[in-house]
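One letter stands for each residue in the lines below.
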Amino acid sequence: MRRPPTASPSRTAPAPATSPRRPPLAPVAAGLGLLLLVSLLAGVTLGAAGVGAADVFRFLWAGLTGGTVAAADGPAYTIVWEIRLPRVVLGAVVGAGLASVGVAVQAMVRNALADPFVLGISSGAAVGANAVILLGVFAGLGVWALSVSAFASALAAMVLVYAAARTPRGLTPLRLILTGTALAYGFEAVTTVMVFGAARGEAARSAMMWLLGSLGGATWAQVPIAAVTVTLGWIWLRRRAEALNALAMGDETAAALGVPPTALRRELFVVTAAVTGTVVAVSGAIGFVGLMVPHLVRMVAGADHRRVLVLAPLAGAVLLVWADLLSRLLLAPAELPVGVITAVVGVPAFLLLMRRGDGPLGGR
């Protein structure tokens, strides 16, 4: 009697079943890339300070080519090149990072409600950031104090979550979610005590602004660090896209296809924590981008991570650039936390996805 065939350990993971009517990847990616370019230009051109579009393009050209501008144009040039441009570029980087990590986390824990903050990393970063804002910790580092403290506390949170969630059998999705959620509540409690104990009202307001996410403190010095970390993280995730396909189908299926789920989940945890810690350190805790963008992209690209990981960073970058622009314009010259805008957009979008019977959340 013949035995049924078994999967070979060297066999690559098949892509999840997708509809044959999915649009080709290249045109969609090109369209999102063009939309991102338009969004960046809009973010630099529009703002509370009235700078004409012609002047904006002239200043951008001067900055890119090393040209000079008239002394009378100095203030307007500073607004465009030193304030708006690093802000929109950093917004695009942060949006791309949160969306990419959102895809990875949802595959890692096999939970449609997972996002980059489910691991408790952002709540840990908040403790370090608020220690700087409210208590003056690391004041000797100057402008780097906030980012360094937030990233250091994010790494400390990562180590704590990993140590608490790890078992002799490795990292399991349920333990990761429960541990990350529980420790996040603990970190948030520490942050709340710090805010309520703040001696200065303005410091508490700055802390709340950071907790809801803000790109108002963006500088050119922050862009390379965030961009390199997000790019390296995305490259690693893209190279592991087939393994993510296997992991999303369950640990048994992944193991049968030659993908060790425990080792892969450990690597994913480190990569997602590093990227999340970096972007949170420069932008605060911006919610809904990592949760919503992967689901919206899957509606177009299907469930194959090889396609999703191409489109999700572009979509996340576009979303956050426009959310930040709205946060600057709605109450100008005052500014809203960008996390408020992403929540206002994300909550109705999430509910609509759940109402769709054929949507990514409709049947779950």
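The structure we're discussing is the one just above.
My aim in this report is to walk through the structure given alongside it, one point at a time.

**Looking at the overall build of the protein**
- When helices and strands are tallied, the protein shows 14 helices and zero strands.
- Along the chain direction, N to C, the helices and strands of the protein fall in the order α-α-α-α-α-α-α-α-α-α-α-α-α-α.
- A compact globule built from 364 residues would reach a C-alpha radius of gyration of about 21 Å, and the protein, at 22 Å, matches this within 12%.
- Principal-axis analysis of the C-alpha atoms gives the protein an extent of 90 × 50 × 40 Å.
- A burial count over the protein gives 48% of its 364 residues as buried.
- Long-range pairs, those at least 24 residues apart, make up 76% of the contacts in the protein with a sequence separation of at least 6.
- Accessible surface computed for the protein: about 16900 Å², of which carbon and sulfur atoms make up 68%.

**Points about the environment of F288**
- Relative to the helices and strands, F288 resides in the loop between α11 (261-283) and α12 (289-301).
- Taking relative accessible area as the criterion, F288 reaches 24% and is therefore assigned partly exposed.
- Considered as a pair, F288 and T342 are 54 residues apart in the sequence and their alpha carbons are 6.1 Å apart.

**Regarding the side chain of D115**
- Within the element layout of this structure, D115 appears in the loop between α3 (74-109) and α4 (121-135).
- Buried and unpaired, D115 has no salt bridge, with R298 as the nearest side chain of opposite charge at 12 Å.

**Side note on the packing of α4 against helix α5 (residues 145-165)**
- Put simply, α4 and α5 touch, their axes get as near as 7 Å, and they point 145 degrees apart. Regarding α4 and α5, the two cross each other, and that crossing is right-handed. Residues I121, G124, A125, G128, A129, V132 and I133 of α4 touch α5, and the partners they reach there are A145, L146, S149, A150, S153, A154, A157 and M158.
- Grouping the amino acids of the contact of α4 with α5 by side-chain chemistry returns 11 nonpolar, four polar and no charged.

What counts and how
- Residues numbered from 1 in each chain as written.
- Predicted model: local features only at pLDDT ≥ 70, side-chain atom pairs only at ≥ 80, totals over all residues.
- Heavy atoms only, no water.
- Helix = DSSP H or I, 4+ residues; strand = E, 2+ residues; numbered from the N terminus.
- Rg over C-alpha atoms; globule rule 2.2 N^0.38 Å.
- Buried < 20%, exposed > 50% of the residue type's maximum accessible area, 1.4 Å probe, protein only.
- Contact = heavy atoms within 4.5 Å.
- Areas by Shrake-Rupley, 256 points an atom, 1.4 Å probe, with all protein chains shown as cover.
- Lys, Arg positive; Asp, Glu negative; His and termini not counted.
- Salt bridge = Lys/Arg side-chain N within 4 Å of Asp/Glu carboxyl O.
- Axes fitted to C-alpha atoms, helices over the stretch in contact; angles between N-to-C directions.
- Left-handed = near helix turned anticlockwise from the far one by under 90°.
- Nonpolar A, V, L, I, M, F, W, Y, C, P; charged D, E, K, R; others polar.

None of this, on its own, says anything about what the molecule does.
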